[in-house]
Amino acid sequence: HLLLFLLFVGPFNCFASYSRATELFYSLNEGLPAGVLIGSLARDLRLSTAGGQRPVAPQPPLSFTLASRGLGGQYVQLDNRSGELHTSAVEIDREALCMESSGATVFGGAAAVSSSSPSSESCLLLLDVLVLPQEYFRLVKVKIAIRDVNDNAPHFPVPHIRLSVPENAPVNTRLAIEHPALDPDVGTNSVQTYRLQDNYGVFTLDVEENESGERTPYLIVMGSLDRETREEYVTVIVAEDGGTPPLVGSATLTIGISDINDNCPQFSDSQLNVTLYGNSSLGTHVATVHAVDMDLGSNAQITYSYSQKVPQPSRDLFHLDETTGTITLSSKVDGDTPRLHRLIILGNGPGCIPAVITVLVTIIKVMMRPPEVVPRFIANEAEGVVYLKELEPISTPIAFFTIKDPDEKYKVNCYLDGDGPFRLSPYKPYNNEYLLETTKPLDYETQQLYEISVVAWNSEGFHVNRIIKVQVLDDNDNSPVFSQQLIELSIEENNVPNAFLTKLHATDADSGERGQVSYFLGPDAPSYFSLDKATGVLTVSTQLDREEKEKYRYTVKAVDSGFPPRESIATVTITVLDKNDNSPRFINKDFSFFVPENFPGFGEIGVISVTDADAGQNGWVALSVLNGSDIFVIDTGKGVLRAKVSLDREQQSSYVLWIEAVDGGDPALSSTAKITILLLDINDNPPLVLFPQSNMSYLLVLPSTLPGSPITEVYAVDKDTGMNAVIAYSIIGRRGPRPESFRIDPKTGNITLEESLMQNDYGLYRLLVKVSDHGYPEPLHSTVMVNLFVNDTVSNESYIESLLRKEPDISIEEKQPQISIEPTHKKMESASCMPTLVALSIISLGSIALVTGMGIYICLRKGKKHHRADENVEVQIPLNGRINLHMLEKKPMEISNI
């Protein structure tokens, strides 16, 4: 909602007496988008009316201007004309704008804590707006209160909170959690409650609020605690604010139970019986007592001491270690030493009643001295430990042992006790001398330490043990061993640079530096593979391309740090997996196929060859026709292009198709190719005579027409092309007074008069013209009747028409014209010398024809009658049969001999 307060302040002395300062208050939520109306200054200042009455006479337009474009000005947009104040594109964040919890005022680019804010949650944006012109001038103080919205979830300052509670804490003990949750929001949008996800039945939470409104969670103990039963509780503390919907934050809460001294030391037994030989040496271990305290730290510290009931002679004979509880012989046993000692030992803990245990020591009197074992070490020895290198040869000497009886009364024997590759044998020719040596090479990797005993005993059954420890020293006798000798890897092509391939692992059974393994690439490894020397991480520094190389095989070495170093070799094979990164590729971008027309439907027109460098499904290619799919189909598997129907060149001479190749990848890649299908002509159309239009038409020929004059023409076309469209004209039938008077040009179809017409030549001439193409394998032809009426005039048309309606009795004889064949629709091209030869032949024939024509013309002028015998353009071929002519009308045409 919009909260508006209007406050008028007295006039400023520096302006006119009617100038006024005004304050406007608005409020809005934080986080609003740009363009939200905050308020209208003109309306709220009531500048559009005078004294609350009707609007006054027109005045100069009002102008509203921000006095300063500071920090506050970036959040608002002021319309200079209407005075409307809107939110700008800069979103208002109350928590960023007013960080202080006591409220802040933002003005003119500065932010300061407001001392006069109405509440601790207020956040004000101050603007100074100037209203112009002078007639309305005033300074308007605009205060915008930014209301908080629940846009921040509670969060704990640390992810893990640890709290310590003593195990003897009484019920209802309260412990403050030092890291409460924080929420930048204010009011009910801030943290309101806390809860535990698991209280284990012994804990709960309470929240206390101080005078400043801060809420602090307290952990309350609801049940008894025992550290010895459970020393730690781990749960999750959840903070929840009061927004709608509420937002939560959480942290891990670990409750440690601190120890108190509520347990005392205890012995597992109340009495311990021990037997000790009277000839035992000083420092001989007698017994060890051990008490247990369930507490921790200093509360569990135990010390051992003799009870005051233990007599002083027993204290002097046996030493008690107050820390470990170990009892050792501290004085020599003689004939006066009592044979039974009762040692009462106390286990003392802080603040506890001591625990008590009794140790009964029985001393057995010994009348003779035990045998003696005197060693003399050959190998390196220190503090009873002999050091031998592994791989030492068999029978390596370790030590001499001298075995003797101190009393020199009894025979002493000895033997070796313990496992290991050792033997103890008499060293002849000396008596009581024994040599300790190895029986086979030692192996550090098998066993590093041996413990053996040289045992001497006399005939009375007394035994003496001399323990010898043999430490095997490591040598670099093992090579590193790869976990796999053949390391098979795979990686997709187009990998990122420095891609991880694998981590090699080799072990070396040697110790220390001798067992430290370093890794190296073999000499056959490509340079773009890298192997970390220390970690064995194998990477590839560049992108791999399966189409360039699919498999890599090279060696790697593992080398230890011994001297001399030892190494082993493994083989790495890397298979580059295919990705669909190659589009199908046609062998040509343009395909051209020549197909004879009338080709049978679904016959093979041609094969479209396409490849895809990818493998598997990514390299599978499907072909389809993008256009003309109603006529053409393509075999996806073989790429064979077929037509569904027979094609007619005369209807369409060529087709342009676009073929799309789509691979089987995901996503699929594609490419297109242009297919041009050119139909080759076959001779399936006979010539079509266009003139004369009818067999019943005729033409008037004047007797005065000079020889050589054109009379008429036969004009025909052929829908075929090439040789199939080359047309030749010939007269195959004649009837008339002197039918030889007319001839036809075999190439042009022009009919000319060959001889002068005489008085006897008057009448109707009927010429049967054959129009033939030069098609293969068989030429096709049409016929037409050309009617010529030789006379001065046409006085009786009905008579002529009656003659035309009669079926002519014409003897058909074919004359094959000898003409040069030139296609009328297309020039034939050849890469050989044939065009030149054809051209020369045509020129020669043309020259001969020209000379012959001139000779004929001269002969005609001289009235010679025998020139027909020399004519070389028609050959008489007798034909049997008669022609059935259709009768059609045509008006006569008069031809002059001009």
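How each quantity is defined
Residues numbered from 1 in each chain as written. Predicted model: local features only at pLDDT ≥ 70, side-chain atom pairs only at ≥ 80, totals over all residues. Heavy atoms only, no water. Salt bridge = Lys/Arg side-chain N within 4 Å of Asp/Glu carboxyl O. Helix = DSSP H or I, 4+ residues; strand = E, 2+ residues; numbered from the N terminus. Buried < 20%, exposed > 50% of the residue type's maximum accessible area, 1.4 Å probe, protein only. Polar contact = N/O pair within 3.5 Å; in protein donor to acceptor, adjacent residues only side chain to side chain. Disulfide = S-S within 2.5 Å. Contact = heavy atoms within 4.5 Å. Core = buried A, V, L, I, M, F, W, Y, C linked by side-chain atoms within 4.5 Å.

Take the pattern of salt bridges next. For the coordinates displayed, the defined rule picks out 22 salt bridges. For Arg514, the salt bridge is made with Asp474, and the minimal N-O distance between the two is 3.3 Å. Of this pair, Arg514 sits in the loop between β39 (506–507) and β40 (517–521) while Asp474 sits in the loop between β35 (463–473) and β36 (481–482), and the two are 40 residues apart along the sequence. Judged by relative accessible area, which is 29%, Arg514 ranks as partly exposed. The class for Asp474 is buried, based on a relative accessible area of 11%. With its nearest N and O atoms 3.2 Å apart, the salt bridge here joins Glu547 to Arg546. Relative accessible area serves as the criterion here: at 24%, Glu547 is assigned to the partly exposed category. What you see here is one network of salt bridges that share partners, running through Arg227, Glu228, Glu231 and Asp259.

This paragraph deals with the side chain of His341. Turning to its location among the elements, His341 is positioned in strand β25 (residues 340–348). Within the local environment of His341, its side chain forms a polar contact with the side chain of Ser314, the two groups lying 3.0 Å apart.

Bringing the state of the cysteines into the picture now. By the definition in use, this model includes two disulfides. Residue Cys98 pairs covalently with Cys123 via a disulfide, S to S 1.6 Å. An S-S torsion of about 60 degrees defines the bridge between Cys98 and Cys123 as right-handed. Taken together, the residues span a long stretch of sequence, with Cys98 in the loop between α2 (94–97) and β7 (104–107) and Cys123 in strand β9 (residues 123–132) at a distance of 25 residues. Each member of the pair, Cys98 together with Cys123, is buried. Looking at the protein chain, its bonded cysteines, counted consecutively from the start of the sequence, adopt the pairing 1-2, 3-4.

So, on to the environment of Val289. Tracing the backbone shows Val289 in the loop between β20 (285–288) and β21 (291–292). For Val289, a relative accessible area of 1% gives the class buried. In the structure, Val289 is positioned 31 residues away from Leu320 in sequence and 9.6 Å away in space, judged by C-alpha atoms. Setting aside chain neighbours within four positions, we find Val289 in contact with Phe267, Tyr304, Thr324, Gly325, Ile345, Ile357 and Val359.

Residue Pro667 follows Asp666 across a cis peptide bond; omega there is 0 degrees. Mapped onto the elements of the fold, Pro667 is located in the loop between β52 (654–663) and β53 (670–680). Omega for the bond connecting Phe691 with Pro692 falls within 30 degrees of zero, at 0 degrees, which places this linkage in the cis form. Along the chain, the position of Pro692 falls in the loop between β54 (688–691) and β55 (698–701). In this model, Tyr200 sits at a positive phi of 55 degrees, which is unusual for a non-glycine residue. Looking at the element boundaries, Tyr200 is found in the loop between β13 (191–196) and β14 (203–209). Given the relative accessible area of 29%, Tyr200 is considered partly exposed. Backbone geometry places Phe602, a non-glycine residue, at a positive phi of 65 degrees. Checked against the element boundaries, Phe602 lands in the loop between β46 (590–596) and β47 (604–607).

Among the nonpolar cores identified, the biggest contains 27 residues, and Leu41, Phe64, Leu85, Leu97, Val129, Val142 and Ile144 are the most heavily contacted of them. Of all the secondary structure elements, the ones that give two or more residues to this core are β2 (20–29), α1 (41–44), β4 (63–66), β5 (76–78), β9 and β10 (138–147). Element by element, the count of residues in this core is highest for β9, at five residues. Once residues lying within four places of it in the same chain are set aside, the contact partners of Phe64 are Leu41, Ala42, Leu47, Leu78, Asp79, Asn80, Arg81, Ser82, Gly83, Val129, Leu130 and Val131. Among the nonpolar cores identified, the runner-up in size contains 25 residues, and Tyr306, Val310, Phe318 and Val361 belong to it.

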